Amino acid sequence: EDQVTQSPEALRLQEGESSSLNCSYTVSGLRGLFWYRQDPGKGPEFLFTLYSAGEEKEKERLKATLTKKESFLHITAPKPEDSATYLCAVQAGALEGGADGLTFGKGTHLIIQP
Amino acid sequence: GAVVSQHPSWVICKSGTSVKIECRSLDFQATTMFWYRQFPKQSLMLMATSNEGSKATYEQGVEKDKFLINHASLTLSTLTVTSAHPEDSSFYICSAREWGGNSPLHFGNGTRLTVT
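In what follows, the accompanying structure is described. (Residues numbered from 1 in each chain as written. Chains lettered and ligands numbered in written order. Predicted model: local features only at pLDDT ≥ 70, side-chain atom pairs only at ≥ 80, totals over all residues. Heavy atoms only, no water.)

1. Let's talk about the interface of chain B and chain A
Reasoning step 1: Facing 21 residues of chain B, the contacting portion of chain A comprises 22 residues.
Reasoning step 2: Interface area for chain B against chain A, summed over the two sides, is near 1700 Å², with a carbon-plus-sulfur share of 52%.
Reasoning step 3: On inspection of chain B and its partner chain A, the count reaches zero salt bridges.
Reasoning step 4: Of all elements in the fold, only strand 4 (32-38), strand 5 (44-51), strand 9 (90-97) and strand 10 (105-107) of chain B reach the threshold of two or more residues within the side of chain B that touches chain A.
Reasoning step 5: For the side of chain B that touches chain A, the leading source of residues is strand 4 of chain B, giving four residues.
Reasoning step 6: Of the residues that constitute the side of chain B that touches chain A, the class distribution is nine nonpolar, 11 polar and one charged. (Contact = heavy atoms within 4.5 Å. Buried area = accessible area lost by both parts, 1.4 Å probe. Salt bridge = Lys/Arg side-chain N within 4 Å of Asp/Glu carboxyl O. Helix = DSSP H or I, 4+ residues; strand = E, 2+ residues; numbered from the N terminus. Nonpolar A, V, L, I, M, F, W, Y, C, P; charged D, E, K, R; others polar.)

2. Looking at the sheet that holds strand 1 (residues 4-7) of chain B
All names here are of chain B.
Reasoning step 1: Strands sit in the order 1-3-8-7 across an open sheet of four strands; the sheet is antiparallel. Each edge of the open sheet carries a strand with a single partner, namely strand 1 and strand 7 (67-73). Across the sheet, the mean angle separating the axes of adjacent strands is 15° when strand polarity is ignored. (Pairing = 2+ DSSP bridges. Axes fitted to C-alpha atoms, helices over the stretch in contact; angles between N-to-C directions.)

3. With respect to unusual backbone geometry
Reasoning step 1: Cis peptide bonds are those with omega within 30 degrees of zero, and the linkage from S7(A) to P8(A) qualifies with -10°.
Reasoning step 2: Its location among the elements puts P8(A) in the loop between strand 1 (3-7) and strand 2 (10-14).
Reasoning step 3: Look at the link from H7(B) to P8(B): it is a cis peptide, with omega at 0°.
Reasoning step 4: Locating P8(B) in the fold gives a position in the loop between strand 1 and strand 2 (10-13).
Reasoning step 5: A positive phi is found at K41(B), a non-glycine position, where the angle reads about 60°.
Reasoning step 6: Owing to a relative accessible area of 81%, K41(B) belongs among the exposed residues under this scheme. (Buried < 20%, exposed > 50% of the residue type's maximum accessible area, 1.4 Å probe, protein only.)

4. What about the pairing of strand 1 of chain A?
Residues and elements named next belong to chain A.
Reasoning step 1: Only one face of strand 1 is covered, namely the face carrying V4 and Q6; the face carrying Q3, T5 and S7 is uncovered.
Reasoning step 2: By the bridge criterion, five bridges tie strand 1 to strand 3 (residues 19-26) in an arrangement that is antiparallel. The partner of V4 across the bridge, within strand 3, is Y25.

5. Comments concerning the side chain of Q38(B)
Reasoning step 1: When you line up the elements, Q38(B) lands in strand 4.
Reasoning step 2: The exposure class of Q38(B) is buried, given its relative accessible area of 11%.
Reasoning step 3: Looking at Q38(B), its side chain comes within polar contact range of the main-chain oxygen of Q42(B), at 3.2 Å.
Reasoning step 4: The contacts of Q38(B), once residues within four sequence positions are left out, are Q38(A), S43(B), L44(B), S90(B), F91(B) and I93(B). (Polar contact = N/O pair within 3.5 Å; in protein donor to acceptor, adjacent residues only side chain to side chain.)

Structure, rendered in structure tokens:
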């Protein structure tokens with residue numbers, strides 16, 4: 001069974017204080033690892049897709065990296081507007097055609113204090 | 001980018017009634033859409049995969065007679081919660097891929113269902 005574990009569950013940082021969020025996964029045949037941002041009462045907003053170990057993606061203050069067992073979401077000099085829940089999800093297995101959903105972790109609730 | 005629209009954003013209904021939630025892909029066609037449910041401080045749990053022109057595929061433990069899914073066109077899927085009970089109160093979110101394969105899912109803004 002595919003498993004996705006995110007840590008920490010919650011993280012409180014001061015504005016400008018860089019940190020990293022962790023996503024550990026156990027899947028049979030990783031096809032893609034996805035990071036999303038979710039604001040309260042809203043659906044997840046897509047951030048990054050990583051497909052193979054060693055891959056890195058960047059967007060503004062966020063950088064996602066991937067190894068064979070885990071992914072990190074690095075946040076550099078965060079601002080209060082970066083406060084949200086960050087979700088990690090995996091797509092695994094041998095199905096083709098995009099006809100399969102994602103398995104999500106529980107997320108990391110990030111609070112950036114001014 | 002791909003936009004998925006969900007309606008209504010919130011609904012309150014009485015126990016025993018049915019509620020329909022709509023999910024539309026606004027600028028792309030989606031042969032497959034996915035319905036998730038999320039409880040407070042919990043992960044998104046996949047409920048079912050909606051397939052255009054054919055029956056939906058339900059995850060283990062999800063009652064297909066209670067959560068009716070219809071995917072009548074390439075841009076619209078509906079989820080009907082039948083004979084709703086308070087334990088069905090949750091946040092329901094739909095999603096779709098603009099492209100196939102390993103492309104990311106794009107999500108609607110969710111529907112908060114409260115059953116009284």
